[in-house]
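Commentary on secondary and tertiary structure
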Amino acid sequence: MTEGPRLRPDWAALGQETRLAPEGTMDIVLESLRELVDYELAVVLSAEEGGRLTVRRARGPLATKRLAGYSISLAERRDLAALLAGLVPRLLDHDAEHVDTYAEILDLPDEHSCLAAPLVVDGEAIGLLTLDHRSCGVFSGQIVRFIGVISKLVALALVQSETSRSLRERNESLLAERNRLLERDSDVFRDLAGSSPAWLDAINSVRLVASTDSPVLLLGETGTGKEEAARAIHRLSARAGGPFVALNCSALPPALAESELFGHEKGSFTGAQGLRRGRFELAHGGTLFLDEIGDLPPEIQPKLLRAIQEGRFERVGGEKPVQVDARIVAATHVDLGAAVEAGRFREDLFYRVAVFPVRLPPLRERGDDAVAIAELFASRLRARPGWEGLSFSAEALAQIAARPWPGNVRELRNAVERAAILARGGLVGAAELCAGDWAKGKPAPCAAPGCCDGAFAAACADPAEATTGAAAGAPAGDAAETLEAAQKRHVERALERAGGKVYGPDGAAAALGLKPSTLQSRMKKLGIDAARFRRP
């Protein structure tokens, strides 16, 4: 059976094949018009602000690229201005004083034919259609009337074309602005790496509140990046060009807290040899970051509340109020609500600084973000001479992802730098990362795979085993056995007991609680050959 004709066209494909974009529609109208009217040049001009006509489309044998964007001042062409005001098409009379419309671009004969028709929509001229022919008397009165009808279609095509052009320009502008903001954001958040849902929620809150001038309270454990988040808020705000002034309230002695925050006048107390501006005043026009605001001395809290609410205060020993415009971003790792109930923090100050709270999650709630952050720190360390090859082994990355990092990003940064030093700027293994536990005096091995798992615990978790050679089997008189030597000796003992076998339930890998591939990688680094321990 023969398939019948397709009655429902593919409109999307048809639109692409026939150029049915607004500009393409206008071209089709002008080309179809030439089949009915013998013209050599058809030009569509749009009316622009400032009393000008601008060429939008040109068709015909005389059309040239030089016409694109050509502009005519209606103040200089009063004849065209009058024609547009009349809203009806007509032949341009060469017997009257007349300047060729495109005289600056085309050299047409003095007696050539010229027809002009206003493009009218809702009783308003939005542009002009001109038809030219080098011969005289080509356009009759009947053609003029016909063009008056066709011009309505051209006017609709012009509206579509201009709307499309405006939307395209708007989209390009929005895209450029989006890209600029993305580039700006990428720089702003360069120190706030992470892609976990919990972290992205916090970053989105930072973006949201940054454009306002409201006080922000950053909540989170120590080391979660509260100061970096405060700097991001500042850089994304309208105050980015102003100063960012940080003050750690927990480091303020009660006797000096008021002077540090609000400054002092000369002679206001012993040792005040001159006027000194406080942090609040230094932050004028910018952002004042009050870190650990929960530790602010109670006697300073009422003055801070007044300064935030009224934007003015007096320096210590001063009588004249100082007017200041500074945005407040505060941070704390303690429960301020509990501090309010306990009477350690003023309730009215709490509500003033906690207009928009943002919680920064601890590293243990951020999934694999620890790996991305470790790589960020490593990328900075690679700038050090001789450390260009700094990288992490698979076991090290597994340990980074598995550890809870109670000290959060700060602990991770220190661990990465310490491990990089131990690895001499080369490949960081799990054991180098585990070295951080010794400094904290942790007797228990970490549970990260490939590090202090199984028998490696003795070498990694016990400082004496790793650093003094006091463990059983250490060479006598060796006062300071290195971590690498301790590990090598431990693996060799396991291989010796297993008769050089790595795989299997009675192999060295099983005895050490490691994957065989992990053990082989460690053996290669330590320079151990299993064949030495095989039994005859």
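Heads up: these notes are all about the structure in this document. These numbers come from a predicted model, not from an experiment. (Residues numbered from 1 in each chain as written. Predicted model: local features only at pLDDT ≥ 70, side-chain atom pairs only at ≥ 80, totals over all residues. Heavy atoms only, no water.)

**Remarks on the pattern of salt bridges**
Keep this limit in mind: By convention in these notes, a salt bridge is any Lys or Arg side-chain nitrogen within 4 Å of a carboxyl oxygen on Asp or Glu. Each residue gets one of three labels from its accessible area relative to the maximum for its type: buried under 20%, exposed over 50%, partly exposed in between, using a 1.4 Å probe on protein chains only. Helix and strand assignments follow DSSP, with helices taken as H or I runs no shorter than four residues and strands as E runs no shorter than two, numbered in order from the N terminus.
Using the criterion set out here, one finds 26 salt bridges in the structure. For the salt bridge of Glu-310 with Arg-312, the shortest nitrogen-to-oxygen distance reads 3.6 Å. Under the relative-accessibility criterion, Glu-310 is labelled partly exposed at 35%. Measuring nitrogen to oxygen at the nearest pair gives 2.7 Å for the salt bridge that ties Glu-417 to Arg-384. Linking Glu-417 in helix 14 (residues 408-422) with Arg-384 in the loop between helix 12 (369-381) and strand 14 (391-392), this pair joins segments that are 33 residues apart in sequence. With a relative accessible area of 28%, Glu-417 lands in the partly exposed category. Salt bridges here are not isolated pairs; linked through shared partners, they connect Arg-306, Glu-310, Arg-312 and Glu-314.

**A closer look at the sheet that holds strand 5 (residues 113-121)**
The condition is simple: Note: two strands are recorded as paired if DSSP finds a minimum of 2 bridges between them. Contacts between residues were defined by any pair of non-hydrogen atoms, one from each residue, lying within 4.5 Å. Between N-to-C directions, angles span 0 to 180 degrees; the directions come from axes that are lines fitted to C-alpha atoms, helices contributing only their stretch in contact.
Strands sit in the order 3-2-1-6-5-4 across an open sheet of 6 strands; the sheet is antiparallel. Only two strands of the sheet have a single neighbouring strand rather than two, namely strand 3 (71-73) and strand 4 (90-91). Examined bridge by bridge, strand 5 and strand 6 (residues 124-133) share 9 bridges and lie antiparallel to one another. Bridging across to strand 6, Val-121 finds its partner in Glu-124. Contacts from helix 3 (residues 78-86) reach strand 2 (52-59), strand 3, strand 4, strand 5 and strand 6, with the element oriented near 120 degrees to strand 6.

**Focus: helix 3**
For clarity, the threshold we go by: The directions from the helix axis to the C-beta atoms are what the arc is built from.
Those residues of helix 3 that fall on the buried side of the exposure criterion are Leu-80, Leu-83 and Leu-84. Along the long axis of helix 3, the arc covered by the buried residues comes to 100 degrees, so they all point the same way. Seen from the open side of helix 3, the exposed residues pointing more than 90 degrees away from its buried face are Arg-78 and Ala-85. Elements that come into contact with the buried residues of helix 3 comprise strand 2, strand 3, strand 4, strand 5 and strand 6. In the stretch just after helix 3, Leu-87 is the one whose phi turns positive, near 65 degrees.

**Some words on unusual backbone geometry**
Backbone geometry places Glu-292, a non-glycine residue, at a positive phi of 50 degrees. With respect to the helices, strands and loops of the structure, Glu-292 is situated in the loop between strand 9 (287-291) and helix 9 (301-310). Unusually for a residue other than glycine, Trp-405 sits at a positive phi of about 50 degrees. Within the secondary structure, Trp-405 sits in the loop between helix 13 (394-402) and helix 14. Residue class for Trp-405 comes out buried when judged on its relative accessible area of 2%.

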